[in-house]
Amino acid sequence: MNIVQTPEVIGAHVSEVDLARVSDADFARIEQTFNQRGVICIRDQRLSEAQLIAFARRFGGIEPHFLKHYTHPDHPEILYISNVKKDGKDIGHADAGSVWHTDMSYVERPPRATLLYALEVPMDSESGVALGNTQFASAAAAYDSLSPETKQRLAGLRAIHQVAGRRAKTGTGQQDQALRRDQPAVVHPVVRTHPFTKRKCLYVSKGECEGIEGMAKDEALALIDQLAERTVEERFRYTHRWRVGDLLMWDNCAVQHLASFDYQWPQHRRLMHRVTVGGSVPF
Ligand code: OGA
Ligand code: MN
């Protein structure tokens, strides 16, 4: 197995390994790389649904999906992320992540990891270049870049996360949002400690965070915007260009992510299997 770090502050590429049969020693290297690099791509996989789920389970319990109408009929652990339509209807979640976010920050125990396995990748027919890149940004590098005064100011602050919060996250159509609306708001520290590396990470996003406990609304929103923008600065980013067979996984404490929608049905087809691994209460 070969592991190469990307030149960016996050990201690593893993090759020459079959995730259906990873030894404990290789798994330990993958997990360590995952914790340290925030997002990793394991190339050239050919995984059945059961193999994908079994690999994800090595990182922790599988988080159930509430968009039940987009889950795999035989494997409810798998959510289809896809723009493919069948009989005029989306077969999967068609626009997951069109604003910068971290997955499910609006629950008490946000997921440790999200795995996305690429079965079909849209391609520009003229240039042969893949479309639908996913961008990532390091919440740890962003925190490190703050001044000592700002770090001091943020210590102990807690933000209010709400699914249909300030700017309803796109990637949730009307119907999807209605499903999530019952989700009560939760509070999480503005600065999270990574449960494995102990690095401090900024943990706010414009879509979900609608306030900060004990702070006037205007001041809170201005601070959230400032921190959210800091998190996703160009210098903290890695852009993933997809290939069929990529198993990409990201750490929802260490990085934020953003999908791009430069492809269109029916010229372009994108089909991914997503599995979400449960996490712990942020501290
Ligand atoms: C997600 C997500 C990004 C993409 O599945 O949570 O944000 O590029 N996906 O599909
Ligand atoms: Mn997402």
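Look up a bit, the structure's there.
Residues numbered from 1 in each chain as written. Chains lettered and ligands numbered in written order. Predicted model: local features only at pLDDT ≥ 70, side-chain atom pairs only at ≥ 80, totals over all residues. Heavy atoms only, no water.

Caption draft 1: Spatial organisation of the environment of Val-17. By the element assignment, Val-17 lies in the loop between strand E2 (12-15) and helix H1 (24-37). Overall, Val-17 belongs to the buried group, its relative accessible area being 12%. In sequence terms Val-17 and Arg-43 are 26 residues apart; their C-alpha atoms lie 8.3 Å from each other. (Helix = DSSP H or I, 4+ residues; strand = E, 2+ residues; numbered from the N terminus. Buried < 20%, exposed > 50% of the residue type's maximum accessible area, 1.4 Å probe, protein only.)

Caption draft 2: Representation of the nonpolar core. If you look at the biggest cluster of nonpolar residues, it comprises 25 residues, and the most contacted ones within it are Leu-19, Ile-42, Phe-55, Leu-115, Leu-247 and Met-249. Among the elements of the structure, E2, H1, strand E3 (39-42), helix H2 (49-57), strand E7 (113-120), strand E15 (247-251) and strand E17 (271-277) are those that each provide at least two residues to this core. Here this core takes four residues from H2, the largest share from any one element. Residues in contact with Leu-19, not counting those within four places in the same chain, are Ile-30, Ile-42, Gln-45, Leu-47, Phe-55 and Leu-247. In terms of nonpolar packing, the next biggest core, distinct from the first, is built from 20 residues, Leu-146, Leu-154, Ala-159 and Val-204 among them. (Core = buried A, V, L, I, M, F, W, Y, C linked by side-chain atoms within 4.5 Å. Contact = heavy atoms within 4.5 Å.)

Caption draft 3: Molecular detail of the site of ligand 1. Neighbouring residues of ligand 1: Ile-81, Ala-96, Gly-97, His-101, Asp-103, Leu-116, Thr-134, Trp-250, His-257, Ala-259, Arg-270 and Arg-274. Between an oxygen atom of ligand 1 and a side-chain N or O atom of Thr-134, the distance comes to 2.6 Å. Contact between ligand 1 and His-257: an oxygen atom at 3.0 Å from a side-chain N or O atom of the residue. Starting from 290 Å² of accessible surface for ligand 1 in isolation, the protein chains cover 98%. In this structure, ligand 1 is accommodated by the largest cavity. (Near = heavy atom within 4 Å. Polar contact = N/O pair within 3.5 Å; in protein donor to acceptor, adjacent residues only side chain to side chain. Areas by Shrake-Rupley, 256 points an atom, 1.4 Å probe, with all protein chains shown as cover. 1 Å grid on protein atoms, 1.4 Å probe; cavity = no way out; pocket = protein on both sides within 12 Å on 5 of 7 lines; lining within 4 Å. Sits in = over half its atoms within 2 Å of the grid points.)

Caption draft 4: Main features of the coordination of the manganese ion (ligand 2). Note on the manganese ion (ligand 2): its protein donors are His-101 (NE2), Asp-103 (OD) and His-257 (NE2). The metal-donor distances range over 2.1 Å. When the donor residues of the manganese ion (ligand 2) are listed from N- to C-terminus, their spacing reads H-x1-D-x153-H. Taken as a pair, Asp-103 in the loop between strand E6 (89-90) and E7 and His-257 in strand E16 (residues 255-259) lie far apart in primary sequence, 154 residues in all. For Asp-103, a relative accessible area of 3% translates into the label buried. Given a relative accessible area of 4%, His-257 falls into the buried group. (Donors = N, O, S within 2.8 Å, 3.2 Å for Na, K, Ca; no water.)

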